[in-house]
Amino acid sequence: MTHSKNLSPDTLLAQASHYIDEKTGALTPAIQPSTTFGRDSNYDLMGDYIYGRNHNPTFDQVEKVLCELEGGAEARLFASGQAAITALFETVAQGRHIVAPDIMYHGAQAWMRRLAQKRGIELTLFDARSAEGLANAVRPGQTDIVWIETLLNPTWDVMDIAKAADIAHAAGALLGVDATVTPPVTTRALGFGADIVFHSATKYLNGHSDVLGGVLITRTRDQRWAEVCEIRTLVGGIMGPFEAWLLLRGMRTLGLRCERAFASAARIAHHFEGHAKLDRVLYPGLESHPGHALAASQMTRGFGGMLSFLVKGDAAMAKALIANLQIFIAATSLGGVESLVEHRATVEGPQSLVPENLIRISVGIESADDLIGDLEQAFDLL
Ligand SMILES: *Cc1c(COP(=O)(O)O)cnc(C)c1O
């Protein structure tokens, strides 16, 4: 089956890249639970598979769709976002240097700190709000990986992907981009010069808070990529076939889910900007946000479904607001159909640079009126 490269990601997603099983006509790939794959009388493998820790047929269509969405050369599924990130950073040799933002997804940063403490890898955390932060952090010839997030979690400061790619490449480093909060229906980081793009599939890609998964997509099938694939097999952080199947099902509605969540997030941000009980609303869709124009140039569809409130007052005030909410659910994670709210400083612990009065909001697909009403009543009770 052929189809034009100009099709919208929504079309690609809805049909899982025009999937039809050639043998049965099924529109949904089968789940293949087998952990091992047989050999013929010549002791040759009967197909392309050998053992479940190497690969599984259920991954094929999922990886194909992700690869086409991002415009990459190859995609690989992992057991979690962290399994994907750690597989990439396992390729960094002792004595080399890695660079990442000071405020970012805390789990990935915790892994980098561990590499710096135990593996003889040097780590520089740069201030992404300073224009020269990244340029000053890289060390030409020594820096191996520059890691950024498209929107920094949870301040939603915007990283300039093309500029980061130039800086990384000039230093001889690879640019890895965590695009979890800007799924490929809105941002394609490889097109801006990233070498490897990452998503926690646990978030928007699956979107139903019922699958843990991660994915890496590479621009080129090079030596580093071969090593990443080998590490997935050797370390074993591989996705289960049932999870891969669920992920593909979740991804079919990614375009629709993002459309609703992004529109509702924009409404909420505009509605509460300037509220008497808030210091600030952090959302790149607000004209007042310093990264607004840059976000507009990197996101083709709105400004995402994530925002944060800086509540007037301290951590206790922020938590009181959360406690007053009746529709938003107080829980970690993001990108699911249900709206979540979280006090990040508590979750990240004492090392966190996240302000204590910040609450992070992941907007789901409920009615925006209900969500705004819930926040209104929660503020009124403060
Ligand atoms: C959740 C998340 C991760 C880690 O993914 P897991 O699936 O939880 O392992 C990495 N980066 C970002 C931005 C995330 O939100």
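As a reminder, the structure under discussion sits directly above these lines.
Residues numbered from 1 in each chain as written. Predicted model: local features only at pLDDT ≥ 70, side-chain atom pairs only at ≥ 80, totals over all residues. Heavy atoms only, no water.

**Focus on the overall build of the protein chain**
A count of helical and extended segments in the protein chain gives 13 helices and 12 strands. If you line up the protein chain on its principal axes, its C-alpha atoms span 75 × 50 × 35 Å. Counting every position in the protein chain, which comprises 382 residues, the buried fraction comes to 54%. Contacts spanning at least 24 positions in sequence make up 70% of the contacts within the protein chain whose residues lie at least 6 apart. As displayed, the protein chain offers around 16,200 Å² of accessible surface, 53% of which is attributable to carbon and sulfur atoms. In the protein chain, the 32 positive side-chain charges and the 43 negative ones have mean positions that sit 3 Å from each other. (Helix = DSSP H or I, 4+ residues; strand = E, 2+ residues; numbered from the N terminus. Buried < 20%, exposed > 50% of the residue type's maximum accessible area, 1.4 Å probe, protein only. Contact = heavy atoms within 4.5 Å. Areas by Shrake-Rupley, 256 points an atom, 1.4 Å probe, with all protein chains shown as cover. Lys, Arg positive; Asp, Glu negative; His and termini not counted. Charge placed at Lys NZ, Arg CZ, Asp CG, Glu CD.)

**Quick word on the pairing of strand β12 (residues 358–362)**
With 5 of its 5 residues buried, β12 lies for the most part within the structure. By the alternation rule, side chains of β12 split into Leu358, Arg360 and Ser362 and Ile359 and Ile361, which are all buried. Two elements, strand β9 (residues 306–311) and β12, share 5 bridges in a ladder whose sense is antiparallel. Directly across from Met306, in β12, lies its bridge partner Ser362. With 3 bridges joining them, strand β11 (residues 340–342) and β12 adopt antiparallel strand pairing. Paired with Val341 across the two strands is Ile361, which belongs to β12. (Pairing = 2+ DSSP bridges.)

**Side note on the nonpolar core**
Within the largest apolar cluster, 90 residues are counted, with the highest numbers of intra-cluster contacts made by Leu175, Ile268, Leu307 and Phe309. Per-element tally for this core: the top contributor is helix α9 (residues 254–272), with 8 residues. The residues that make up this core include at least three from each of domain 1 (9–251) and domain 2 (255–380). Residues contacting Leu307, with those up to four places away along its chain left out, are Trp156, Ala265, Ile268, Ala269, Val281, Leu282, Tyr283, Ile359, Arg360, Ile361 and Val363. The next biggest cluster of nonpolar side chains, apart from the first, holds 26 residues, and it includes Ala84, Phe89, Val92 and Trp111. (Core = buried A, V, L, I, M, F, W, Y, C linked by side-chain atoms within 4.5 Å. Domains from an automatic or database assignment.)

**Examining the packing of helix α2 (residues 59–70) against helix α8 (residues 241–251)**
Two numbers describe how α2 lies on α8: the axes approach to 9 Å, and their chain directions differ by 40°. The orientation of α2 with respect to α8, classified from their angle, is oblique. The chirality of how α2 crosses α8 is left-handed. Facing Phe59, Gln61, Val62, Val65 and Leu66 of α2, the residues of α8 in contact are Pro241, Ala244, Leu247, Leu248 and Met251. (Axes fitted to C-alpha atoms, helices over the stretch in contact; angles between N-to-C directions. Parallel < 35°, antiparallel > 145°, perpendicular 65-115°, else oblique. Left-handed = near helix turned anticlockwise from the far one by under 90°.)

**Observations regarding the site of the ligand**
Residues in close proximity to the ligand include Ser80, Gly81, Gln82, Tyr105, Asp178, Thr180, Phe198, Ser200, Thr202, Lys203, Gly213 and Leu334, which together make up its full environment. Contacts to the ligand include Asp178, whose side-chain N or O atom sits 2.7 Å from a nitrogen atom. Between the ligand and the protein, one listed contact pairs an oxygen atom with a side-chain N or O atom of Lys203 at 2.6 Å. Protein chains bury 92% of the 380 Å² of accessible surface belonging to the ligand in isolation. Those elements that provide at least two residues to the shell around the ligand are α3 (81–89) and β6 (196–200). Each residue belonging to the shell around the ligand can be placed in one class, and the counts come to 3 nonpolar, 7 polar and 2 charged. (Near = heavy atom within 4 Å. Polar contact = N/O pair within 3.5 Å; in protein donor to acceptor, adjacent residues only side chain to side chain. Nonpolar A, V, L, I, M, F, W, Y, C, P; charged D, E, K, R; others polar.)

**What about α3?**
An α-helical segment advances 3.6 residues per turn. Residues three or four places apart therefore align on the same side. Of all 9 residues in α3, 8 are buried, a share of seventy percent or more. Residues of α3 that are buried include every one of Gly81, Ala83, Ala84, Ile85, Thr86, Ala87, Leu88 and Phe89, and no others. Looking at where α3 begins, the residue whose side-chain oxygen comes 3.4 Å from the main-chain nitrogen of Gln82 is Ser80.

**Thoughts on the pattern of salt bridges**
Opposite charge on two side chains permits pairing when their charged atoms draw close. A complete count under the given rule lists 18 salt bridges for this structure. A salt bridge links Asp195 to Arg219; the nearest nitrogen and oxygen atoms lie 2.7 Å apart. Linking Asp195 in the loop between β5 (174–178) and β6 with Arg219 in the loop between β7 (214–218) and α7 (223–235), this pair joins segments that are 24 residues apart in sequence. For Arg219, a relative accessible area of 34% corresponds to the partly exposed category. (Salt bridge = Lys/Arg side-chain N within 4 Å of Asp/Glu carboxyl O.)

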